[in-house]
Amino acid sequence: MKTVLITGASRGIGAACAEAFAAKGYFTVINYNRSEERALSLSEKIKAAGGKCIAVQADVADRESVGRLVSLCRYHGGGIDVLINNAGIDFYGTFEQTDPAVWDKIIQTNLTGVYNVTYAALEEIKNSPCGRIINVSSVWGTYGASCEVAYSASKAAVAGFTKALAREIGPSGVTVNCIAPGFIQTEMNARFDEGAVRDVIYRTPLSRPGSPYDVANAALFLSSEEASFVTGQVLGVDGGFI
Ligand code: NAP
């Protein structure tokens, strides 16, 4: 049985990935930070459907808790075959409102978090016969979002991280790819009013918001045998937005 570690899987895109990978027979490690109840109820739902999983608390920005998370993957899952670096936060405000504390928090979670988990998990992933790393970036990392400078910068950096690591560890057989979602219906976008949502849908050729399962399906593809020659890519799951 293959093991997948999904960071930030208590809700939204991460939770959809957890359900999708568990349904495909993966032992699924559901990482969460604050939403313990939701992570545990997702874990119960997956088990009730016949899947195998555990929920583990860890703040991706904290190296000590990430070390514990990876040890638990080893102990319960026998290693890590697929890592999905999905945990992320955003900040909506002007650049002037992006004070050093906000900047540091966004970068430590969205970028350093990807580094922390990948660094701690890499040996396990290299030991897998089919190791995969999938990082969740964003269209805003490519396009640039007004009033989301820190978020856009962190997500652009995740794409650069992906391409560089893919080159470096390609000879080990591990693939490293990135998914850049467009507007996906999750709590992260709950603050947008109806007009803002209508505007982004208008700018999306497929004329609808994405579902977290649209992203989960792309992650399943990148984890599959069929994608074994795909590495260093940024796959847009954005309804044609970019
Ligand atoms: P969401 O619904 O807000 O969920 C965010 C998840 O990240 C939660 O499970 C949260 O866990 C977790 N998380 C946050 N900080 C964490 C930390 N320090 N350590 C561990 N987990 C942490 O967001 P989403 O829309 O599903 O977004 C998932 C990813 O997709 C993010 O990287 C986001 O930037 C990216 N993305 C989203 C969209 C979109 O339109 N929704 C578009 C492009 C990219 P807790 O609740 O347990 O704290």
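As a reminder, the structure under discussion sits directly above these lines.
Treat the numbers as computed from the prediction; the structure is a model and nothing was measured.

Q: If you had to explain the pattern of salt bridges to someone new, which residues and values would you point to?
A: Counted under the stated rule, the structure contains 9 salt bridges. Here Lys45 and Glu19 are joined by a salt bridge, their closest N and O atoms 3.3 Å apart. On the criterion of sequence distance, the pair formed by Lys45 in helix α2 (residues 36-48) and Glu19 in helix α1 (residues 12-23) is long-range, its members being 26 residues apart. Residue Glu19 is classed as partly exposed on the basis of its relative accessible area of 23%.

Q: An account of the pairing of strand β2 (residues 27-32) is requested, with residue identities and associated values reported.
A: Every regular strand shows the same layout, with side chains that alternate between the two sheet faces. Of all 6 residues that make up β2, 6 are buried, and the element is covered over most of its length. Burial along β2 is two-sided: the face carrying Phe27, Val29 and Asn31 and the face carrying Thr28, Ile30 and Tyr32 are both buried. Inspection of the sheet shows strand β1 (residues 3-6) paired to β2 by 4 bridges, in the parallel sense. Residue pairing in the sheet places Thr3 in a bridge with Phe27 of β2. Traced from β1 through α1 to β2, the parallel crossover comes out right-handed. Both β2 and strand β3 (residues 52-57) contribute to a ladder of 6 bridges, which runs parallel. For Asn31, the partnering residue across the bridge sits in β3 and is Val56. Where the polypeptide runs from β2 across α2 and back to β3, its parallel neighbour, the crossover connection is right-handed.

Q: Kindly report on the packing of α1 against helix α8 (residues 212-223), identifying the contributing residues and their values.
A: Between α1 and α8, whose axes approach to 8 Å, the crossing angle comes to 50°. Between α1 and α8, the crossing angle belongs to the class labelled oblique. In terms of crossing hand, the pair formed by α1 and α8 is right-handed. Residues Gly12, Ile13, Ala16, Cys17, Glu19, Ala20 and Phe21 of α1 lie in contact with α8, whose contacting residues are Pro212, Tyr213, Val215, Ala216, Ala219, Leu220 and Ser223.

Q: Explain the environment of Asp59 to me, using residue names and the numbers behind them.
A: Locating Asp59 in the fold gives a position in the loop between β3 and α3 (63-77). Take Asp59: its relative accessible area is 26%, and that puts it in the partly exposed class. Expressed as a C-alpha distance, the spacing of Asp59 and Tyr26, which sit 33 residues apart in the sequence, is 23 Å. Setting aside residues up to four positions removed in sequence, Asp59 forms contacts with Asn33, Ser65 and Val66. Polar contacts involving the side chain of Asp59 include one to the main-chain amide nitrogen of Ala61, which spans 2.8 Å.

Q: I'd love a proper account of the site of the ligand, names of residues and values included.
A: Around the ligand, the surrounding shell holds 32 residues, and the nearest of these are Ser10, Ser35, Asn86, Tyr151 and Thr186. Between the ligand and Asn189 there is a distance of 2.7 Å, counted from an oxygen atom to a side-chain nitrogen or oxygen. A molecule is said to occupy a pocket when more than half its atoms come within 2 Å of that pocket's grid points, and by this definition the ligand occupies the largest pocket. Every element with two or more residues in the shell around the ligand is listed here: α1, β2 and α6 (149-169). Here the shell around the ligand is composed, by residue class, of 13 nonpolar, 14 polar and 5 charged.

What counts as what
Residues numbered from 1 in each chain as written. Predicted model: local features only at pLDDT ≥ 70, side-chain atom pairs only at ≥ 80, totals over all residues. Heavy atoms only, no water. Salt bridge = Lys/Arg side-chain N within 4 Å of Asp/Glu carboxyl O. Helix = DSSP H or I, 4+ residues; strand = E, 2+ residues; numbered from the N terminus. Buried < 20%, exposed > 50% of the residue type's maximum accessible area, 1.4 Å probe, protein only. Pairing = 2+ DSSP bridges. Right-handed = clockwise from strand over helix to strand, strands pointing away. Axes fitted to C-alpha atoms, helices over the stretch in contact; angles between N-to-C directions. Parallel < 35°, antiparallel > 145°, perpendicular 65-115°, else oblique. Left-handed = near helix turned anticlockwise from the far one by under 90°. Contact = heavy atoms within 4.5 Å. Polar contact = N/O pair within 3.5 Å; in protein donor to acceptor, adjacent residues only side chain to side chain. Near = heavy atom within 4 Å. 1 Å grid on protein atoms, 1.4 Å probe; cavity = no way out; pocket = protein on both sides within 12 Å on 5 of 7 lines; lining within 4 Å. Sits in = over half its atoms within 2 Å of the grid points. Nonpolar A, V, L, I, M, F, W, Y, C, P; charged D, E, K, R; others polar.

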